[in-house]
Amino acid sequence: MNDEKLFFYAPEKFLAAVDLKTGKQLWENKDEDLLTAIGENHQAQLWKTGYSTSCYLKCNDKQIFFAGPQRLKMVVASAEDGKLQWTYPTGNVQLVLREDAIYAAGPLIREVPGETGVRLAYEDGKVLSGFPSRRACTRATGGVDSIFFRASGGTVRVMTDNNNATHIDPMRPPCQDGVLISNGHFYWGPWMCGCQLSLYGNICLAPATENENHPPMNFHDGLMTYSNNTDLEPLAAQKSDWVTYRGTNARNDVTEIELPEQVKLAWTSKVCDTELPTAPVAAGGMVFAADRNGAVTAFDSDGKQVWKSYTAGAVNYSPSIAKDRLFVGCSDGCVYAFAAKTGQLLWKNRVGPKTNRILVFDKLVSGFPVSGGVAVQDETVFAAAGITHYDGTFVVALDAITGEVKKYNDSSGQLSAESNNGISVQGNLAIVDGQLQFLGGGVYETAQYDIENLQCLNSPKVQVTSQYRTAFYPFYPKYGKYLSLEHTCSDGSKLCLDATYDGSDFNNLALQSVQPNGEPRTPKEASRFSVTRRRGKGLPKNIWEDTKNRRFTSYIVSGDQLLGAGHLDDKPEEPFLVAINIKDGKDLWKIPLPANCVKGGAAIDQNRNIYLALEDGQLLCFQPE
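Values in this document were obtained by computation on a predicted structure and should not be read as measured data.

## So, the overall build of the protein chain
And then number 1: Summing up its helical and strand segments, the protein chain has 2 helices and 48 strands in all.
And then number 2: The C-alpha atoms of the protein chain give a radius of gyration of 28 Å, which matches the 25 Å a tight globule of 625 residues would have.
And then number 3: Here the C-alpha coordinates of the protein chain stretch approximately 90 × 55 × 50 Å along the principal axes.
And then number 4: Counting only residues that meet the buried cut, the protein chain has 59% of its 625 residues in that class.
And then number 5: In the protein chain, of all internal contacts separated by at least 6 residues, the share reaching a separation of at least 24 is 52%.
And then number 6: Taken as a whole, the protein chain presents about 25,900 Å² of accessible surface, with 47% of it coming from carbon and sulfur.

Structure representation (structure tokens):
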């Protein structure tokens, strides 16, 4: 309807209008040229085309517009009498009616190459300019200065003053609603499927000035020191201790310690009651874990609590042990350093530019949380703060002893100024081949920084599409808890299990043969999204395959043995810990667990004690039998 008339359409019969004030029918049009142009209603419940909830009839004071997933072509009729005015050859476009032009966000359909969005003139449908393609099913919406729609991943924002398209990488508009604009805010709701998942749920963006989007920061203002940083009781950690998340900075679950031939439960302690604990780390006869309440707890070799200290936010990943200290990345935006033997707080350093808090799944966290944990190498602690690239991503190298900033990078949140895309913190920190790495959340699969100077090594991409998916464990522990495995054995064979980023698809644990003639292996996305949907294509031959359909949340790889914590695909209520012979895939031993192990939640110490952190807050110790 417009200010005066209500329009209605009976498929293949007539188009009519009534007066809004009186309810009197003003006209009815049955012209053959109009009805033929509109055509029959076509199927709309397809992801390729869209959904029937999409509005197929729009109007302004002068014209009526037929378009959407049920239309083969766009049809424009007069609001005065319903007479056909003009048509456009593509009907599956999402319309945003503005004073300057009709913005028709076109679909990206493989069968129609080159299909794109267009600005059309009202009077005759002439194409005024183009803009990037819309991705299939999502509804386009408009504001005073821009229109929003989904391309292939993320959100496209076309600025109407210059027709420039920018990209919001981490979240995509929902199929039925698109980006909602109200009260000067932008809202994204959850969508129906798990595709292109980076940020999910109900998301709100508020207005911000340019300086607020990319705030200037003095990286030396965030440090607070509390006590003597040099005279600490030694922890006596050994080189092969399990001192960080998943055993090494490469997060590869590998240890030099030989797994026990049999184990027995030695003790059980409680890390927390209502929140998830982190995976444990172990060194010097002690074991450490934190939790999403912000507590950091140390236990001795008998499971007795030695100390408990606190941060001001959730801790999502394991502490890291180095230099007789325990380092923790926290969602309050800070890195903390504790004395490992006593729990004394030594220093903390705020990594992000501001102290503001926002609600993330009903928890107040920093707008720049250190959610990906820390990585420690030599005497340097690495951390990254932020959630989304458009708010800024802040990467730092801190002195492990003093907490002072050695190096920093505050520019990788915007790598392409033209399309405004960049790196978001959507993964756990790792150090691989001289690079600091974490998942980048959209356009850039893996964020890469030179370990020496923190220069971002990702090449800027001028594009408004994104193809990489993440389910960041701190935000989505149910989605992101399963671990993939890709371990190269001494003979070149590979121990593999692929688990998708959202936990919806898996293949079985298998030992794959060496590729013949040195042929390269099929590359895998970190999300494992495409590989699991191409089973048997481009993959080497399996030496053996575990056909039990077991899903794993944690591993320890030791020589020719694999330790895994998991459950059967159809029996998550029956978790277990199992040791597997890598050479033949046979179970060496298996014991039930009282609850599922958290992601990466296994550790082993010098005495071959195995520690597991469980989703119910328990910490278990298994000793050699």
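## Structural notes on the environment of valine 396
And then number 1: You can see valine 396 is positioned in strand S33 (residues 394–399).
And then number 2: Residue contacts for valine 396: discarding those within four places in its chain leaves Phe219, Val351, Val381, Phe382, Ala383, Lys407, Tyr408 and Leu454.

## Considerations on a nonpolar patch on the surface
And then number 1: Judged by side-chain polarity, Met1, Leu6 and Leu20 come together as a nonpolar surface patch covering roughly 280 Å² of accessible area.
And then number 2: Tracing the backbone through its elements, the reader meets leucine 6 in strand S1 (residues 5–10).
And then number 3: Relative accessible area serves as the criterion here: at 32%, leucine 6 is assigned to the partly exposed category.

## Points about the sheet that holds strand S6 (residues 74–78)
Pairing between the strands of a sheet is mediated by backbone hydrogen bonds and can be parallel or antiparallel.
And then number 1: A sheet is described by the order of its strands in space; here 4 strands give the open sequence S4-S5-S6-S7, paired in antiparallel fashion. Across the chains shown, the open sheet's two edge strands, defined by having one partner strand only, are strand S4 (57–59) and strand S7 (84–88). Here the strands of the sheet are splayed against their neighbours by 20° on average, with no regard to which way each runs.
And then number 2: Two elements, S6 and S7, share 4 bridges in a ladder whose sense is antiparallel. When the bridges of S7 are listed, valine 75 appears paired with threonine 87.

## Looking at the side chain of threonine 470
And then number 1: Mapped onto the elements of the fold, threonine 470 is located in the loop between strand S37 (446–450) and strand S38 (485–488).
And then number 2: Residue classification places threonine 470 among the buried positions, given a relative accessible area of 3%.
And then number 3: Engagement of the side chain of threonine 470 in a polar contact is seen with the side chain of serine 198, the distance being 3.5 Å.
And then number 4: A polar side-chain atom of threonine 470 sits 3.5 Å from a polar atom in the side chain of glutamine 426.
And then number 5: If we ignore the near neighbours within four places in the chain, the residues touching threonine 470 are Leu197, Ser198, Gln426, Leu439, Gly441 and Tyr501.

## What to know about the sheet that holds strand S3 (residues 25–29)
And then number 1: Across the sheet, 3 strands lie side by side as S1-S2-S3; this open sheet has antiparallel pairing. Each of the sheet's edge strands pairs with one partner strand only, and the pair in question is S1 and S3. Strand-to-strand twist across the sheet, computed as the mean angle between neighbouring axes with direction ignored, equals 15°.
And then number 2: By the bridge criterion, 4 bridges tie strand S2 (residues 14–19) to S3 in an arrangement that is antiparallel. Its bridge partner lying in S3, alanine 17 is registered against tryptophan 27.

## Side note on the pairing of strand S13 (residues 146–149)
And then number 1: Taking every second residue as pointing to the same face, both faces of S13 are buried, with Ser146 and Phe148 on one and Ile147 and Phe149 on the other.
And then number 2: Here strand S12 (residues 141–142) hands over to S13 after 3 residues, the two strands then running antiparallel side by side.
And then number 3: In this sheet, strand S14 (residues 155–159) lies alongside S13 in antiparallel orientation, the contact comprising 4 bridges. Bridge pairing in S14 links phenylalanine 149 to valine 156.
And then number 4: Once S13 ends, the chain turns through 5 residues before running back antiparallel as S14, passing glycine 153 with a positive phi of about 90°.

## Considering the layout of surface pockets
And then number 1: Its boundaries defined by the atoms lining it, the largest pocket holds a volume of some 1,400 Å³.
And then number 2: As for the largest pocket, its lining consists of 46 residues, and the residues nearest its centre are Cys204, Leu205, Ala206, Tyr390 and Asp391.
And then number 3: Residue assignment for the lining of the largest pocket shows that the elements contributing at least two residues are S13, S14, strand S15 (164–168), strand S18 (203–205), helix H2 (210–213) and strand S29 (357–360).
And then number 4: For the lining of the largest pocket, a count of residues per class yields 24 nonpolar, 15 polar and 7 charged.
And then number 5: What the second largest pocket holds in volume is close to 1,200 Å³.
And then number 6: Lining the second largest pocket are 41 residues, and of these Arg246, Arg251, Leu439, Ala526 and Arg528 lie nearest its centre.
And then number 7: Mapped by element, the contributors of at least two residues to the lining of the second largest pocket are strand S35 (430–432), strand S36 (435–439) and S38.

## Regarding the pattern of salt bridges
And then number 1: Applying the stated rule across the entire model yields 21 salt bridges.
And then number 2: Two residues, lysine 83 and aspartate 31, come together in a salt bridge whose shortest N-O distance is 2.9 Å. In this pair, lysine 83 sits in the loop between S6 and S7 while aspartate 31 sits in the loop between S3 and helix H1 (32–38), placing the two residues 52 residues apart along the sequence.
And then number 3: Under the relative-accessibility criterion, aspartate 31 is labelled partly exposed at 24%.
And then number 4: Across the salt bridge formed by arginine 551 and aspartate 569, the nearest N and O atoms sit 3.5 Å from each other. With arginine 551 in strand S42 (residues 550–558) and aspartate 569 in the loop between strand S43 (561–568) and strand S44 (571–581), the pair connects residues that are 18 residues apart, well separated along the chain.
And then number 5: Arginine 551 sits in the buried class, given a relative accessible area of 6%.
And then number 6: On the basis of relative accessibility, which here comes to 42%, the residue aspartate 569 falls in the partly exposed class.
And then number 7: Here the salt bridges share partners, and the residues they tie into one network are Glu486, Lys494, Asp498, Lys524 and Arg528.

## Quick look at the pairing of strand S23 (residues 295–300)
And then number 1: Most of S23 sits inside the fold, with 5 of its 6 residues counted as buried.
And then number 2: Here strand S22 (residues 286–290) pairs with S23 via 5 bridges, running antiparallel. Paired with alanine 289 across the strands is threonine 297, a residue of S23.
And then number 3: Hairpin geometry of S22 and S23 is characterised by an intervening segment of 4 residues between the two adjacent antiparallel strands and by a positive phi of about 100° at glycine 294.
And then number 4: Alignment of S23 against strand S24 (residues 305–310), held across 5 bridges, turns out to be antiparallel.

## Section: the packing of aromatic side chains
Each aromatic ring pair is described using two quantities: the centre-to-centre distance and the angle formed by the ring planes.
And then number 1: The full count for this structure, using the stated rule, is 27 aromatic pairs.
And then number 2: Ring geometry for phenylalanine 65 versus tyrosine 122: centroids 6.1 Å apart, planes at 70°, classification edge-to-face. Of this pair, phenylalanine 65 sits in strand S5 (residues 63–66) while tyrosine 122 is found in the loop between strand S10 (117–120) and strand S11 (127–131), placing the two residues 57 residues apart along the sequence.
And then number 3: Among the residues examined, phenylalanine 65 registers a relative accessible area of 0% and is labelled buried.

Reading the values: the criteria
- Residues numbered from 1 in each chain as written.
- Predicted model: local features only at pLDDT ≥ 70, side-chain atom pairs only at ≥ 80, totals over all residues.
- Heavy atoms only, no water.
- Helix = DSSP H or I, 4+ residues; strand = E, 2+ residues; numbered from the N terminus.
- Rg over C-alpha atoms; globule rule 2.2 N^0.38 Å.
- Buried < 20%, exposed > 50% of the residue type's maximum accessible area, 1.4 Å probe, protein only.
- Contact = heavy atoms within 4.5 Å.
- Areas by Shrake-Rupley, 256 points an atom, 1.4 Å probe, with all protein chains shown as cover.
- Patch = residues over 30% accessible without salt bridge, like charges linked within 9 Å, V, L, I, M, F, W, Y side chains within 5 Å.
- Salt bridge = Lys/Arg side-chain N within 4 Å of Asp/Glu carboxyl O.
- Pairing = 2+ DSSP bridges.
- Axes fitted to C-alpha atoms, helices over the stretch in contact; angles between N-to-C directions.
- Polar contact = N/O pair within 3.5 Å; in protein donor to acceptor, adjacent residues only side chain to side chain.
- 1 Å grid on protein atoms, 1.4 Å probe; cavity = no way out; pocket = protein on both sides within 12 Å on 5 of 7 lines; lining within 4 Å.
- Points joined across faces, edges and corners; volume = space filled by probe spheres on them.
- Nonpolar A, V, L, I, M, F, W, Y, C, P; charged D, E, K, R; others polar.
- Phe/Tyr/Trp six-rings, centres within 6.5 Å; stacked < 30°, edge-to-face > 60°.

Taken by themselves, the reported measurements are silent on function.
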